[in-house]
Number of protein chains: 4
Amino acid sequence: MSNSYGKLFKITTFGESHGLSVGVVVDGCPAGLEITAEEIQQELDRRRPGQSNITTQRKEEDEIIILSGLYDNKTTGTPIAMMVNNKNQAGKDYSHLEHAFRPSHADYTYTTKYGLRDHRGGGRSSARETLARVAAGAIASKYLKQQGIQIASYVSAVGNIALKEDYRALDLSLIDSNKIRCPEPETAEAMIKLVEETRKNRDTIGGVITCVIKGVPVGLGEPAFDKLHAELGKAMLSINAVKGFEYGSGFTGTTMYGSQHNDEFYTDEDGKIRTRTNHSGGIQGGISNGEDIYFRVAFKPVATILQPQTSINDAGETITLEGKGRHDPCVLPRAVPIVDAMAALVIVDFLLRQKAIR
Amino acid sequence: MSNSYGKLFKITTFGESHGLSVGVVVDGCPAGLEITAEEIQQELDRRRPGQSNITTQRKEEDEIIILSGLYDNKTTGTPIAMMVNNKNQAGKDYSHLEHAFRPSHADYTYTTKYGLRDHRGGGRSSARETLARVAAGAIASKYLKQQGIQIASYVSAVGNIALKEDYRALDLSLIDSNKIRCPEPETAEAMIKLVEETRKNRDTIGGVITCVIKGVPVGLGEPAFDKLHAELGKAMLSINAVKGFEYGSGFTGTTMYGSQHNDEFYTDEDGKIRTRTNHSGGIQGGISNGEDIYFRVAFKPVATILQPQTSINDAGETITLEGKGRHDPCVLPRAVPIVDAMAALVIVDFLLRQKAIR
Amino acid sequence: MSNSYGKLFKITTFGESHGLSVGVVVDGCPAGLEITAEEIQQELDRRRPGQSNITTQRKEEDEIIILSGLYDNKTTGTPIAMMVNNKNQAGKDYSHLEHAFRPSHADYTYTTKYGLRDHRGGGRSSARETLARVAAGAIASKYLKQQGIQIASYVSAVGNIALKEDYRALDLSLIDSNKIRCPEPETAEAMIKLVEETRKNRDTIGGVITCVIKGVPVGLGEPAFDKLHAELGKAMLSINAVKGFEYGSGFTGTTMYGSQHNDEFYTDEDGKIRTRTNHSGGIQGGISNGEDIYFRVAFKPVATILQPQTSINDAGETITLEGKGRHDPCVLPRAVPIVDAMAALVIVDFLLRQKAIR
Amino acid sequence: MSNSYGKLFKITTFGESHGLSVGVVVDGCPAGLEITAEEIQQELDRRRPGQSNITTQRKEEDEIIILSGLYDNKTTGTPIAMMVNNKNQAGKDYSHLEHAFRPSHADYTYTTKYGLRDHRGGGRSSARETLARVAAGAIASKYLKQQGIQIASYVSAVGNIALKEDYRALDLSLIDSNKIRCPEPETAEAMIKLVEETRKNRDTIGGVITCVIKGVPVGLGEPAFDKLHAELGKAMLSINAVKGFEYGSGFTGTTMYGSQHNDEFYTDEDGKIRTRTNHSGGIQGGISNGEDIYFRVAFKPVATILQPQTSINDAGETITLEGKGRHDPCVLPRAVPIVDAMAALVIVDFLLRQKAIR
């Protein structure tokens, strides 16, 4: 069941980069939710290749087709199947990669795991799989918005260029105002410049995405294994190229004393229970406490670089590889809607779980 | 199902700090594995309170009782139930905490989630739950050892005192040679000194545990959602007090260029496929590649401090709390066997999954 | 995960007849349910050996011990672990069965499946496992009663002696008024006589249990695979000795025409939607329709008979076996609370699932 | 997760009768299995409407489209998505059913469960969903055949016309030699005549399908809840119109004495362990024992009849309904490949589970 995620709001993705289609089945979405293909398309467009000069220049329309589960633009409670057809799957010649193991790609591990692989364009390990997540996440997000829950992700670091301020000092409405998706215009510019230089050097660069979730009611998440942040962590780490996850004070919190780190409770003027600081990142004992949830996700540099690299083929012989074509010099701006989507899927699942027991 | 973990080698834990017992049911362990209560007890003893002057001084024997699933010291394929009785559960008076919400504890979130809570000693949110994981992990570890897989965790940072060298420069056989469980003697001494000072200041301090897994065959882990590192991440983040997880190059990898980060493949003299560097942390495309798997886990400082703190009660009124009794100034040394256990549970589960399909 | 059942109200059972204990962990029970050990014990007593001269005369107290999950006789939302200690597990000599494959028992299949088995008293395949289900079911039943849902099972046939009337003509309050648990006194007497004769003949006999569930709201059950009756069927077929399941018109319905079988809808005087007949057994399209749910469960005769039987041992050699000791000549009366329990577990799970989506 | 089935070989179906497509995602099929679209189509054709004058005369091509998971006609280990487009979904007028609750259909229960429904052609409750199962089952069957496991289902009763002989006396190669799929030609003829008469009377009729599985190795199935026959029972009961399931001696076995019912073990001339009789139906303690597995599945008469029926609408008002168009007078012949498919899915799942632990 490696291709399913979620317990009550469950998605199952399918498709490889060069099959007919990539898609998803959403099972467990409550009935009666109004949603249109356009709303889903809008999120897909944020992930689409070719959206700017700092992403891959491949032209893929990625048009969503809804196969089932909607009637009169309302969910019916039955599985919602959606897919995007792969347009140019027949076109390109991938024969030079049939026997090659590209460095830091999944070629070698897939081949060994399964005994064979579809080598065209990365096959199932291609990041095209994530469009299925974005489509499903758009439905989850719509549901959450109606419950007053808002998710916003943004690029907080590219290479060594990092935002100085944390999310509370930023205007999150500016995220989509620039092509790197960083809400601080000056930093965004510096990031974009770094990506452009990296591209010119035929190289790639990593970075960090920060995600903020506001409006989550107290009580989501489960004790023991399904802690809210444990599921968020798994969801983020399941995105291609992710190497790390931290929430609240994260790794920095490990250097603090308890007397510094503890978040003091108080009752605000509306009688609402709050904490004065939020090192807990909105989660205590694995359960949301009503404060903002925030976390950071580390992305490594894209493995495909337009430089010659030494590697081996499936006979174990040394070969030289060189990336061709149009690739992302930096995956971060296109990964923002994926982080949004996975966060929405985690939260909606816990929301339904909580409804079941209260 | 929040209290179960694993798909094929599945554990279900139960028990709160002040009920009769804390325990676990292990379902799916292959039959015929030889294991004794002593081997399990040995791992529990590494987690036990009172083992040194830098852990809590509570005396808890934590003696394992095996209720089912073993016959003649061999697993039979049926569920293995084990438990530890809570010795002093009746003794202590917790009435002062009945209505209090301790800062950065789960009191408030549990109460809101469930509408009530067992307030004695943290109830289900107590770290006592982790002894159930350690017992189950001991069985998983034994199975893995027979397959040539070795797991070693150690404390790599306490507060700002961090190991300079990575695991390849360390002698991992020294982990248990000191009470902080850091394999570098001089650093260990500095860490211990810091913890002792912290204790004297009636405070607590966080830190980092590094885990190394050697001997994992190529092919474990699943594409899409159940990537090997995603499950490791979830497993680690499900441990009390964990705030972050990174594997391989982790957050540092985000500042690298692809040309630096990519791990070059080569065939070694034994004809084995290897990589020259290991920024991938032994995992590519979510699947083990045969190199060492390594990752870092961030622990926040323990929330219970022996200092007066302002908080509120369940009526929303301001109160002053002060931790009493014997608590850990630093959870790291006792958390090492928990990280070992969770890592073993993740690996054994993927090992069985892989057997199913090949 | 073969020892777990349920999705949201999940139970995991453990224990073999001659280990220390048999028990269960209930995960997902809503918090705040009032329940006492006595209420659970009461259901266990209905299943207990030695309760009358037509069940086995083994004396087993089967006293429930609650290990976790309750506080002040209220569920806390955390896992409820319960167990019964096996009293005489050391006493009896089972060495004559160590290598024997008893006819129509699980000795041969377990040994082949796992490569070894705990042969004492049937090990895990012993019907003692069902006491764990009854304990869990008692909690589920209590929850359901508070929602107005009542479950009643009774013996409707022993051998060829079958009730003439269906459940609507019976007084279900009489189920426990006799030792065979058949609510029609005259038929009960004839059944008891047949069981007594069978016992004298050192033989065993099968029968049928009918279960009726009243008060189920419209809407429980899921389309496709988790149809309400499909889960009920699985739950019943998972009980030892069960050979068949039918609901509503069942096998008899296969001989009917659609024009006879269809249940006509009408609106009753209270404005409630009802059907005039109930061949559907309260379930349409896998979803409850508000009418009574009823089904029948077929039990084979107990395999252990006090007569010499030819069989083989694990070396494939012919042997003669003869059941010894105290065994049930007819499992039906003791199986009634097990059917009750499994029905309760199925219904409560769907009830929670439905709460999640509406 | 109501639309998924299986644990290791997992299918997720989607689609309603009048959406764009009906399809399935198969997750967990081992890599390297050779299979063509033609082989899958062949099974779909056995389920297709319009295949003879005793099935519905609707013309549906039901052409399979494979979206992912195959490369060079071999499975790659990644999810296999397949679908069939609904051809005439736009054409027909279903407005007369928009507010009607058809007797013994799922209209009322769906509407109440979800608060709305797609009323066109039964929506998700349409038997069209089963074509997704047949497509997935074809893959499972191919895998099983390579392991020497053969599944054969046939119509053993239509109304009161039932086969006198059990499967051992029949030539199962004749199943597809007639349009009712009964391997005994004379009985087949009588059945066909009954169906034709029923059709003329604008009525429908039920019946029984028997399934035989040969070549299953000893050891499949799990103790406790996932007994082999419990999963088979659930799988069969999840098929539209099924009302009952019995395996081995079934309901008849309830009237037998233990001394009659027990299956004597012996060692055959090849040294293989066998039983002289097979009341156990090839399953003991929930685990396959190497004998033929056989079971019977009860189908009610189709609810749609071409006669006027009294019912109500969603306002609770009395209405008169009359089935229109082309419907099956008897679902049995088209249900045979569905029973085959579900049986294959159950067996393959347990086969993979067993590989995991041994």
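Structure: above.
This is a predicted model, so every value here is computed, not measured.

## Side note on the relation of the copies chain C and chain D
Phase 1 of the analysis: Take chain C, turn it by 180°, move it 0.0 Å along the axis, and it overlays chain D with an RMSD of 0.0 Å. The two molecules are tied by a two-fold rotation axis, judged by turn and shift.

## Here we look at the environment of Lys142 of chain A
Residue and element names in this part refer to chain A.
Phase 1 of the analysis: Among the secondary structure elements, Lys142 is positioned in helix α3 (residues 129–146).
Phase 2 of the analysis: Between the C-alpha atoms of Lys142 and Glu39, which are 103 residues apart in sequence, the distance is 8.7 Å.
Phase 3 of the analysis: Residue contacts for Lys142: discarding those within four places in its chain leaves Leu33, Glu34, Ile35 and Glu39.

## Focus: the packing of aromatic side chains
Phase 1 of the analysis: Evaluated as defined, the whole model comprises 30 aromatic pairs over all chains.
Phase 2 of the analysis: Ring plane angle 45° and centroid distance 5.3 Å describe the contact between Tyr167 of chain A and Tyr294 of chain A, whose orientation is recorded as tilted. With Tyr167 of chain A in the loop between β10 (161–162) and α4 (185–200) and Tyr294 of chain A in strand β17 (residues 293–299), this pair connects stretches of sequence that are 127 residues apart.
Phase 3 of the analysis: Since its relative accessible area comes to 5%, Tyr167 of chain A is described here as buried.
Phase 4 of the analysis: For the pair Phe101 of chain C and Tyr108 of chain C, a centre-to-centre distance of 5.3 Å together with 50° between the ring planes defines the contact as tilted.
Phase 5 of the analysis: Judged by relative accessible area, Tyr108 of chain C falls into the buried class, the value being 8%.
Phase 6 of the analysis: Cluster of aromatic residues (ring-pair linked, three or more members): Phe101 and Tyr108 of chain A together with Phe265 of chain B.
Phase 7 of the analysis: The ring of Tyr247 of chain A has Lys243 of chain B lying over it, and the distance from NZ or CZ to the ring centre is 4.2 Å.
Phase 8 of the analysis: Positioned above the aromatic ring of Tyr294 of chain D is the side chain of Arg168 of chain D, whose terminal nitrogen or guanidinium carbon lies 5.4 Å from the ring centre.

## Description of the interface of chain C and chain D
Phase 1 of the analysis: Residue-level contacts link 104 residues of chain C with 104 residues of chain D.
Phase 2 of the analysis: Between chain C and chain D lies a buried interface of about 8,100 Å² when both sides are counted; carbon and sulfur atoms form 60% of it.
Phase 3 of the analysis: Between the two partners, chain C and chain D, sit 4 salt bridges.
Phase 4 of the analysis: Note that Lys234 of chain C and Glu231 of chain D form a salt bridge whose closest N and O atoms lie 2.5 Å from each other.
Phase 5 of the analysis: Inspection of the chain C/chain D interface yields 47 residue pairs in polar contact (both at pLDDT 80 or more).
Phase 6 of the analysis: The class makeup of the residues in the side of chain C that touches chain D is 39 nonpolar, 46 polar and 19 charged.

## Focus on the interface of chain A and chain B
Phase 1 of the analysis: At the junction of the two partners, chain A supplies 103 residues and chain B supplies 103 residues.
Phase 2 of the analysis: When the buried surface of chain A facing chain B is broken down by residue, Lys113, Phe225 and Lys243 of chain A rank first, second and third, together holding 12% of it.
Phase 3 of the analysis: In this assembly, chain A and chain B are joined by 4 salt bridges.
Phase 4 of the analysis: Linking chain A with chain B are 45 residue pairs in polar contact (both at pLDDT 80 or more).
Phase 5 of the analysis: Among the residues forming the side of chain A that touches chain B, the class breakdown is 38 nonpolar, 46 polar and 19 charged.

## Some thoughts on helix α3 (residues 129–146) of chain B
All names here are of chain B.
Phase 1 of the analysis: Taking 1.5 Å as the rise per residue, α3 with 18 residues should run 26 Å; its terminal C-alpha atoms sit 27 Å apart, in good agreement.
Phase 2 of the analysis: Burial analysis of α3 places 16 of its 18 residues in the buried class, which makes it a mostly covered element.
Phase 3 of the analysis: The positive-phi residue at the C-terminal boundary of α3 is Gly148, with phi of around 80°.

## Here's the deal with the pattern of salt bridges
Phase 1 of the analysis: A full pass over the atoms with the stated rule returns 94 salt bridges over all chains.
Phase 2 of the analysis: Its salt-bridge partner being Arg296 of chain B, residue Glu246 of chain B comes within 2.5 Å of it at the nearest N-O pair. Pair noted here: Glu246 of chain B is in strand β12 (residues 242–247) and Arg296 of chain B is in strand β17 (residues 293–299), with a separation of 50 residues, a long-range link.
Phase 3 of the analysis: As a salt-bridge pair, Lys214 of chain D and Asp292 of chain D come within 3.2 Å of each other at their nearest N and O atoms. With a gap of 78 residues between them, Lys214 of chain D in strand β11 (residues 207–214) and Asp292 of chain D in the loop between β16 (287–288) and β17 (293–299) connect regions that are remote in the sequence.
Phase 4 of the analysis: Residue Lys214 of chain D is classed as partly exposed on the basis of its relative accessible area of 35%.
Phase 5 of the analysis: We classify Asp292 of chain D as buried; its relative accessible area is 19%.

Rules and cut-offs
Residues numbered from 1 in each chain as written. Chains lettered and ligands numbered in written order. Predicted model: local features only at pLDDT ≥ 70, side-chain atom pairs only at ≥ 80, totals over all residues. Heavy atoms only, no water. Least-squares fit on C-alpha atoms with pLDDT ≥ 70 in both. Helix = DSSP H or I, 4+ residues; strand = E, 2+ residues; numbered from the N terminus. Contact = heavy atoms within 4.5 Å. Phe/Tyr/Trp six-rings, centres within 6.5 Å; stacked < 30°, edge-to-face > 60°. Buried < 20%, exposed > 50% of the residue type's maximum accessible area, 1.4 Å probe, protein only. Lys NZ or Arg CZ within 6 Å of the ring centre and 35° of its normal. Buried area = accessible area lost by both parts, 1.4 Å probe. Salt bridge = Lys/Arg side-chain N within 4 Å of Asp/Glu carboxyl O. Polar contact = N/O pair within 3.5 Å; in protein donor to acceptor, adjacent residues only side chain to side chain. Nonpolar A, V, L, I, M, F, W, Y, C, P; charged D, E, K, R; others polar. Expected span 1.5 Å × (residues − 1).

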